[in-house]
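# Coordinate inspection notes
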Amino acid sequence: MSATEIMQQIEELPDKEQQELFVLLTKKVVGGKNANAKPWLEKKLSFEEACDVVFRENRELLSALAK
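Residues numbered from 1 in each chain as written. Predicted model: local features only at pLDDT ≥ 70, side-chain atom pairs only at ≥ 80, totals over all residues. Heavy atoms only, no water.

## Structural notes on the overall build of the protein chain
Convention followed: To qualify as a helix, a DSSP run of H or I must reach at least 4 residues; to qualify as a strand, a run of E must reach at least 2; elements of each kind are numbered from the N terminus. The accessible surface values rely on the Shrake-Rupley method and a 1.4 Å probe; as for residues, cover is taken only from the protein chains in view.
A tally of regular secondary structure across the protein chain gives four helices and zero strands. Reading the protein chain from its N end, one meets helices and strands in the order α-α-α-α. Just so you have it, the protein chain exposes about 5500 Å², and 54% of that area is on carbon and sulfur atoms.

So, in structure tokens, the structure goes:
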């Protein structure tokens, strides 16, 4: 399943479930903040940029969810 297909499935989820997924992924990304922080942390990103980061940084998790 491609990232585009996963994004389409996420968009089909009820709003509450989308929010829960976003919170989970955000906590995972922010929770990994340390001395080797990613350059995009603490920057204001567009929705598309944020989705790109989430999918890039959580490829393994999203692959598991797609199965």
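## Quick notes on the pattern of salt bridges
Note the following rule: Each salt bridge in this description consists of a side-chain nitrogen of Lys or Arg and a carboxyl oxygen of Asp or Glu lying within 4 Å of one another. Three exposure classes are used, based on accessible area relative to the maximum for each residue type with a 1.4 Å probe and protein chains only: buried under 20%, partly exposed in between, and exposed over 50%.
Within this structure, the stated rule accounts for three salt bridges. Here Glu 57 and Arg 56 are joined by a salt bridge, their closest N and O atoms 3.9 Å apart. Accessibility expressed as a relative area gives 32% for Glu 57, which makes it partly exposed. Each of Asp 52, Arg 56 and Glu 57 takes part in salt bridges that share partners, so that together they form one network.

## Some remarks on the nonpolar core
For clarity, the cut-off: Only buried residues count toward a nonpolar core. Its members are Ala, Val, Leu, Ile, Met, Phe, Trp, Tyr and Cys residues joined through side-chain atoms within 4.5 Å. Whether two residues are in contact is decided by their heavy atoms: any pair within 4.5 Å suffices.
Counting residues in each nonpolar core, the largest one holds eight residues, listed as Ile 6, Ile 10, Leu 21, Leu 25, Cys 51, Val 54, Phe 55 and Leu 62. Secondary structure elements with two or more residues in this core: α1 (3-12), α2 (15-31) and α3 (47-57). Here this core takes three residues from α3, the largest share from any one element. Every residue in contact with Leu 62, bar those within four places of it in the chain, is listed here: Ile 6, Val 54 and Phe 55.

## Comments concerning the environment of Glu 57
Examined against the element boundaries, Glu 57 turns out to sit in helix α3. It is 7.4 Å that separates the C-alpha atoms of Glu 57 and Val 29, two residues lying 28 residues apart in sequence.

## Looking at the side chain of Asn 58
Tracing the sequence through the fold places Asn 58 in the loop between α3 and α4 (59-66). Leave out the neighbours within four places in its chain, and Asn 58 touches Leu 25, Lys 28 and Val 29.

## Here we look at the confidence of the model for the protein chain
What counts here: Note on scores: pLDDT gives the predictor's confidence for each residue, bounded by 0 and 100.
This prediction gives the protein chain a mean pLDDT of 79; 82% of its residues lie at or above 70. Ranking the elements of the protein chain by mean pLDDT puts α4 last, at 78, and α1 first, at 88.

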